[in-house]
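Chain by chain, the residues:
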Amino acid sequence: MRIVIAPDKFKGSLTAPQVAAHLRAGLLAADPALSVDVVPVADGGEGTLDAALAAGFTLHTAVVSGPTGERIEAPLAIRGTTAVIEMALASGLAVLPGGVLKAREASSRGTGELIRYALDEGCTSIVLGVGGSANTDGGAGMLTGLGAVLLDDAGNPLPPGGGALADLARIDLFGLDPRLANAAFVLASDVDNPLLGPNGAAAVFGPQKGATPDDVAHLDRSLARFVDVLAKELGSRVRAAADAPGAGAAGGVGYAALAVLDAERRPGIDVVLELTGLAGRLEDARLVITGEGSLDEQSLGGKTPLGVATAAGNIPVIAVCGRTTLTQAQAAEAGFEAVYALTDLEPDVAKCIAHAGPLLEQVGRNIAAHIGVGAGKGGKP
């Protein structure tokens, strides 16, 4: 019997490859004769790089500017002429020094520097997995990392960060890397927010990056200034891009990607499933196991488990999670034959997080019993 395990990460506990490895260990403990194929996946945000590496991409690292200017070593994945960049690893909350939030000052420059590294390596197709960013700079920092210069009234370069864009007078794009013209970009994002206004980057995502109400108002005005000045350089299409779904993603990096890099915005899960070649690896599978840390109504809006279930078609799908709030009817409608939550084995959530590995191995054994193979003991579906 051939089984494909294609989970996302269990956030705060295990990466997707670790989740898959523990489930595989449990299945094989129950029946060593099983054929188990592991395909870690993600929804375009955190974990996208892990999924690409598990699919055969090669790990590269580059020293780039962190979100507040410190030099950090950031990874990316390359296969052939395709690069996968998880921007949070260069410009994200997780790499802020000491975790100190800098809502006005944080920059996406390091993401631009990662793109330039990919261009140096000969890449002509670049996937930007966005999410978890520390910045609200509209992608202005990313553009400076690619050679653009942002100037104030006196002709001086602006300091980094979205807050400084209030003083933007001119954008010099003469130094923008010419290789960008021959590169195709994909913005892997499920965020459909525009750049500006009450549903924009500053208002919706600014507070989680440390923005006070005054900061939010200032950042929104600054981003509007950025759009105005950029439109003088590139025309009205740049202004229209500010209203496009996804422009507000990653503190507005989505906007710069759409307006300047001419990126194609695609659902993150679709991009990752394509990168991993999941469709081909599902051939002849008798069962698919997917999952994520919390299986809830948000999961039904295009997250990893639903994407995998859709790709599986008529193949039975079992979902594994840390906890679930879905009813049995909701789970069935989403395409899951059964749902296994770690909290069914260990009600204490803190213990579930701390001991997720062994619990997942038990779930693997329980699934083996559920499908009638091996000597596993039944679990709660």
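Residues numbered from 1 in each chain as written. Predicted model: local features only at pLDDT ≥ 70, side-chain atom pairs only at ≥ 80, totals over all residues. Heavy atoms only, no water.

1. What to know about the overall build of the protein chain
Now for step 1: In terms of helices and strands, the protein chain carries 16 helices and 13 strands.
Now for step 2: Here the C-alpha atoms of the protein chain give a radius of gyration of 22 Å, agreeing with the 21 Å that 2.2 N^0.38 yields for 381 residues.
Now for step 3: With the principal axes as the frame, the protein chain shows a C-alpha extent of 75 × 45 × 35 Å.
Now for step 4: Taking contacts inside the protein chain between residues at least 6 apart in sequence as the whole, the part at least 24 apart equals 72%.
Now for step 5: Only carbon and sulfur atoms are counted for the fraction: they give 51% of the accessible area of the protein chain, which is about 15200 Å². (Helix = DSSP H or I, 4+ residues; strand = E, 2+ residues; numbered from the N terminus. Rg over C-alpha atoms; globule rule 2.2 N^0.38 Å. Contact = heavy atoms within 4.5 Å. Areas by Shrake-Rupley, 256 points an atom, 1.4 Å probe, with all protein chains shown as cover.)

2. With respect to the sheet that holds strand β12 (residues 317-324)
Now for step 1: Read from one edge to the other, the open sheet built from five strands follows the order β2-β1-β11-β12-β13, with strand pairing classed as parallel. In this open sheet, the two strands that pair with only one neighbour each are β2 (35-38) and β13 (338-341). Going across the sheet, the axis of each strand differs from the next one's by a mean of 25°, ignoring polarity.
Now for step 2: Sheet topology note: the β12/β13 ladder contains four bridges and is parallel. From the neighbouring strand, Cys 321 faces β13, where its bridge partner is Ala 341. (Pairing = 2+ DSSP bridges. Axes fitted to C-alpha atoms, helices over the stretch in contact; angles between N-to-C directions.)

3. Description of the packing of helix α1 (residues 16-30) against helix α16 (residues 356-370)
Now for step 1: For the pair α1 and α16, interaxial distance at closest approach is 7 Å and the crossing angle is 45°. Between α1 and α16, the interaxial angle falls into the category oblique. As for the relative orientation of α1 and α16, their crossing is right-handed in sense. Within the contact between the two elements, α1 uses Val 19, His 22, Leu 23, Ala 25, Gly 26, Leu 27, Ala 29 and Ala 30 and α16 uses Gly 357, Leu 360, Glu 361, Val 363, Gly 364, Arg 365, Ile 367 and Ala 368.
Now for step 2: Looking at side-chain class alone, the contact of α1 with α16 contains 10 nonpolar, four polar and two charged residues. (Parallel < 35°, antiparallel > 145°, perpendicular 65-115°, else oblique. Left-handed = near helix turned anticlockwise from the far one by under 90°. Nonpolar A, V, L, I, M, F, W, Y, C, P; charged D, E, K, R; others polar.)

4. Section: the sheet that holds strand β9 (residues 184-188)
Now for step 1: What the six strands build is an open sheet, ordered β3-β4-β5-β6-β9-β10; its pairing is mixed. Each of the sheet's edge strands pairs with one partner strand only, and the pair in question is β3 (58-65) and β10 (264-266). Each strand axis lies, on average, 25° off the axis of its neighbour in the sheet, ignoring direction.
Now for step 2: For β3 and strand β4 (residues 71-79), the ladder comprises eight bridges, and the chain directions are antiparallel. Bridging from a neighbouring strand, His 60 pairs with Leu 76 of β4.
Now for step 3: Running at roughly 135° to β3, helix α4 (residues 109-120) makes contact with β3, β4, β5 (82-86), β6 (125-129) and β9 of the sheet.
Now for step 4: Together, β4, β5, β6, β9 and β10 form the strand contacts of helix α10 (residues 268-276), whose direction differs from that of β10 by roughly 90°.

5. Looking at the packing of aromatic side chains
Now for step 1: Throughout the structure, instances matching the rule amount to one aromatic pair.
Now for step 2: Where Phe 226 meets Tyr 255, the ring centres are 6.0 Å apart and the plane angle is 80°; that geometry is what we call edge-to-face. Highlighted residues: Phe 226 in helix α7 (residues 213-234) and Tyr 255 in helix α9 (residues 253-259), separated in sequence by 29 residues. For the pair Phe 226 and Tyr 255, one class covers both residues: buried. (Phe/Tyr/Trp six-rings, centres within 6.5 Å; stacked < 30°, edge-to-face > 60°. Buried < 20%, exposed > 50% of the residue type's maximum accessible area, 1.4 Å probe, protein only.)

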